[in-house]
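# Structure at a glance
The residues making up each chain are set out below.
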Amino acid sequence: MTRFDRRALIRLLGASGASLAAGGLSSPLFAWDRPPPYNIEENPTFAGSPYTLGVASGDPSSDGFVIWTRLAPRPMEPHGGMILKQFPVRWEVSADESFRNIVRKGTAMAWPELGHSVHVEVDGLEAYRPYWYRFICGNEESPVGRSHTFPAAGAAMDRVRFAVAGCQCYHDGYFTAWRRIAEEPADFVFHYGDYIYEGVGADIRLAGNEPPAGNVIDEIYSLEDYRRRYALYKSDPDLQAAHAALPFFVSFDDHEIDNNWAASIDENEMPADVFALRRSVGFQAYYEHMPLRRSSLPRDGHIQMFRGARFGNLMNAYVLDTRQYRSNQAYFDLRSPQGPDVYATDRTMLGDRQEKWLFDGLAASDTRWNLIAQQVLLLNLVGKGPQDTEKVASMDQWAGYLHSRRRLLDHIDRHRPGNVVTVSGDAHLHFAGDLIQDNGDGKVISSEFSATSITSGRDGTPDEGYLKGAKDQNPQLKAIVNQRGYTMCEVTPQTWHADMKVLDKVSTPGGTLSTFASFDIEHGKPGLQRA
């Protein structure tokens, strides 16, 4: 690549002085259709691998997917240990693991403005088949990742398999569940959020899983703070293995920015214009570290995250954003009785534009099943504990937004009875339950599987009294358990099957995986059945 030479410009100006003096501005010197290359590191060299944060793919379609990496040879240092120049990064996609049959290749630029992350939207691929990809910068080659395209829109499909996971607090335990997900024969992963935790934590002392010595997790605020936090999490080998094995659909919940934030309001209700600064750098760092399309590049303090995907004739998926458009939580974000604010018709979970997009999509859907993939419990779970004088519910979940919840369930009941299933997370417990209207007659409209955490909550502290009480007071709740893990779904034309996977421990490496409970939903017959 030719470096633009300032001295050459001066010589050219001198040589063409007569023409310029005569007004001859049509000189080839001024005929560029774009600026010359700027601040590019033409011959990159690294003391070690720049791919310390691994590789990933995401947002698969029938003809492609996004591939991602970030150059960060020393990820916990400012700028990931990179000099502040643009770095050209070659990429290759192959039809075979040995890269004998490269079907797509090109060069992308790793810009310092985006933390030297690389997002390539690969298209023109064959439907429903695996592909392998890698990156090359200078003489350094990345690990190989594997992705998979979706089937064509009208293709008749006999099954789709996917994992639902999230809530991965680094200092709460080992990411063993991600290693197990990497080993699953799945088509994709839905990450429901809480990829990082922004708050104060503990000095990290997990043997074999340690960042640089003395790293104490403090509350994060700046772009560099968020980048370091993502670098810490993405350095984990089990998480890297899952990203390298399967394409992800990602969405954030609250901890990617601040606990329980809602639209322009943070947990502590700081001035909105002050919180907007923190939210904007949180959005940027999130985009920099996720395999997202250019359509999700943050713009003007907003990031576009609700989006859809189609798996042949079998399933439409609707990935929601339940943070950016919601009204502020009622009653100070706490567990509270469902007072008048919970029912208020001027409060929303999704916002008008996203709700219309979802409702229009469900109404027009012609697939056998429909997946709503979102962040927080749609189940309306209420209960009275030993210290409560009346029944309470979480104000951060759909139980705190009953007008929006009623609208959604009513729309499903009228337009797609018996073929909509919701998956979610956030609560650090496995839940499986049927969805009924809070003001209805008990009719089952749909069902939900809410996946437990990867590590948040540590090994879990089984409280049989609490778990039994939750089920006794909520007969629509069919299973609940306080252990770490994930949910695996297998969908066929006739049946939606889900396994609630749990680990016996995350406090030490290599926890044992088992299935706590399994459920089936028969097409056209809303309601969970024990498998």
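Before going further, it helps to examine the packing of aromatic side chains. Applying the stated criterion across every chain, the model contains 24 aromatic pairs. Taking 5.6 Å as the distance between ring centres and 70° as the angle between the ring planes, the aromatic pair formed by Trp 369 and Trp 496 counts as edge-to-face. With Trp 369 in strand β15 (residues 369-373) and Trp 496 in strand β22 (residues 495-503), this pair connects stretches of sequence that are 127 residues apart. Three or more aromatic residues joined by ring pairs form one cluster here, namely Tyr 128, Phe 150, Phe 162, Phe 188, Phe 249, Phe 311, Trp 369 and Trp 496.

The subject of this paragraph is helix α8 (residues 352-364). What sets the pattern is the α-helix's 3.6 residues per turn: residues three or four places apart point alike. In this model, α8 (13 residues) spans 18 Å end to end at C-alpha, consistent with the 18 Å of a helix rising 1.5 Å per residue. Those residues of α8 not exposed but buried are Gln 354, Glu 355, Leu 358, Phe 359, Gly 361 and Leu 362. Mapping the buried residues of α8 onto a view down its axis gives an arc of 160°, with all of them on the same face. For α8, the exposed residues lying more than 90 degrees away from the buried face are Asp 352, Arg 353, Lys 356 and Ala 364.

Another aspect to go through is the pairing of strand β12 (residues 307-311). Burial along β12 is one-sided: Arg 307, Ala 309 and Phe 311 are buried, while Gly 308 and Arg 310, pointing the other way, are not. Here β12 pairs with strand β13 (residues 315-319) via 5 bridges, running antiparallel. What sits directly across from Ala 309, in β13, is Ala 317.

A word on the pattern of salt bridges. Overall, the coordinates contain 27 salt bridges when judged by the stated rule. Residue Glu 141 pairs with Arg 134 through a salt bridge whose shortest N-O separation is 3.4 Å. One salt-bridge network, held together by shared partners, links Arg 159, Arg 161, Glu 184 and Glu 490.

With respect to the helices and strands, Ser 296 occurs in the loop between α6 (272-289) and β12. A polar contact of 2.7 Å, which involves the side chain of Ser 296, links it to the backbone oxygen of Gln 304. Excluding anything up to four places from it in sequence, Ser 296 contacts Tyr 287, Ile 303, Gln 304 and Met 305.

Here we come to the sheet that holds β15. An order of β12-β13-β15-β17-β19-β18-β20 is seen for the 7 strands of this open sheet, with the pairing classed as mixed. Single-partner strands in this sheet number two, and they are β12 and β20 (477-481). Neighbour to neighbour, the strand axes of the sheet diverge by 15° on average, direction disregarded. Two elements, β13 and β15, share 5 bridges in a ladder whose sense is parallel. Counted as the bridge partner of Ala 317 is Leu 371 from β15.

Further remarks concern the layout of surface pockets. In this structure, the largest pocket occupies an estimated 700 Å³ of space. Contributing to the lining of the largest pocket are 31 residues, with Arg 335, Gln 397, Leu 429, Phe 431 and Tyr 466 lying nearest its centre. Ranked by residues supplied to the lining of the largest pocket, first place goes to helix α10 (residues 464-473) with 5 residues. Across the lining of the largest pocket, the residue classes break down as 11 nonpolar, 12 polar and 8 charged. Of the pockets and cavities examined, the second largest pocket occupies roughly 200 Å³.

With that out of the way, let us pick up the packing of α8 against helix α9 (residues 402-415). The geometry of α8 relative to α9 is characterised by a closest axis approach of 10 Å and an angle of 15° between their N-to-C directions. It follows from the interaxial angle that α8 and α9 lie roughly parallel. Taken as a pair, α8 and α9 cross one another with a handedness that is right-handed. Contacts between α8 and α9 pair Glu 355, Leu 358, Phe 359, Leu 362 and Ala 363 from the former with Arg 407, Leu 408, His 411, Ile 412 and His 415 from the latter. Its residues assigned to classes, the contact of α8 with α9 shows 6 nonpolar, 2 polar and 2 charged.

Further remarks concern the confidence of the model for the protein. In this model, the protein carries an average pLDDT of 91, and 90% of its residues clear a pLDDT of 70 or more. Averaged pLDDT values for the elements of the protein fall to 36 in helix α2 (residues 17-21) and rise to 99 in strand β1 (residues 55-58). Counting interchain partners and residues more than four positions distant, the pLDDT-below-50 stretch residues 203-209 has 21 contacts. In the predicted structure, residues 211-215 sits below a pLDDT of 50 and forms 11 contacts with residues beyond four places in sequence or in another chain.

Now for the environment of Asp 472. Mapped onto the fold, Asp 472 is located in helix α10. Overall, Asp 472 belongs to the exposed group, its relative accessible area being 53%. Asp 472 sits 152 residues away from Leu 320 along the chain, and the two C-alpha atoms are 30 Å apart. Engagement of the side chain of Asp 472 in a polar contact is seen with the side chain of Lys 468, the distance being 2.7 Å.

Before going further, it helps to examine the environment of Pro 88. Along the polypeptide, Pro 88 turns up in strand β3 (residues 87-94). For the pair formed by Pro 88 and Ala 182, sequence separation is 94 residues and the distance between their alpha carbons is 30 Å. When sequence neighbours within four positions are dropped, the list of residues in contact with Pro 88 reads Ile 40, Glu 41, Thr 107, Ala 108, Met 109 and Cys 137.

Turning next to α10. Leu 467, Gly 469 and Ala 470 are the residues of α10 that are buried. Down the axis, α10 shows its buried residues gathered within 165° of arc, on one side only. Across α10 from its buried face, at more than 90 degrees, point the exposed residues Glu 464, Gly 465, Lys 468 and Asp 472. Here the buried face of α10 lies against β20.

Cut-offs used in this document
- Residues numbered from 1 in each chain as written.
- Predicted model: local features only at pLDDT ≥ 70, side-chain atom pairs only at ≥ 80, totals over all residues.
- Heavy atoms only, no water.
- Phe/Tyr/Trp six-rings, centres within 6.5 Å; stacked < 30°, edge-to-face > 60°.
- Helix = DSSP H or I, 4+ residues; strand = E, 2+ residues; numbered from the N terminus.
- Expected span 1.5 Å × (residues − 1).
- Buried < 20%, exposed > 50% of the residue type's maximum accessible area, 1.4 Å probe, protein only.
- Arc of directions from axis to C-beta.
- Pairing = 2+ DSSP bridges.
- Salt bridge = Lys/Arg side-chain N within 4 Å of Asp/Glu carboxyl O.
- Polar contact = N/O pair within 3.5 Å; in protein donor to acceptor, adjacent residues only side chain to side chain.
- Contact = heavy atoms within 4.5 Å.
- Axes fitted to C-alpha atoms, helices over the stretch in contact; angles between N-to-C directions.
- 1 Å grid on protein atoms, 1.4 Å probe; cavity = no way out; pocket = protein on both sides within 12 Å on 5 of 7 lines; lining within 4 Å.
- Points joined across faces, edges and corners; volume = space filled by probe spheres on them.
- Nonpolar A, V, L, I, M, F, W, Y, C, P; charged D, E, K, R; others polar.
- Parallel < 35°, antiparallel > 145°, perpendicular 65-115°, else oblique.
- Left-handed = near helix turned anticlockwise from the far one by under 90°.
- pLDDT = per-residue confidence, 0-100.

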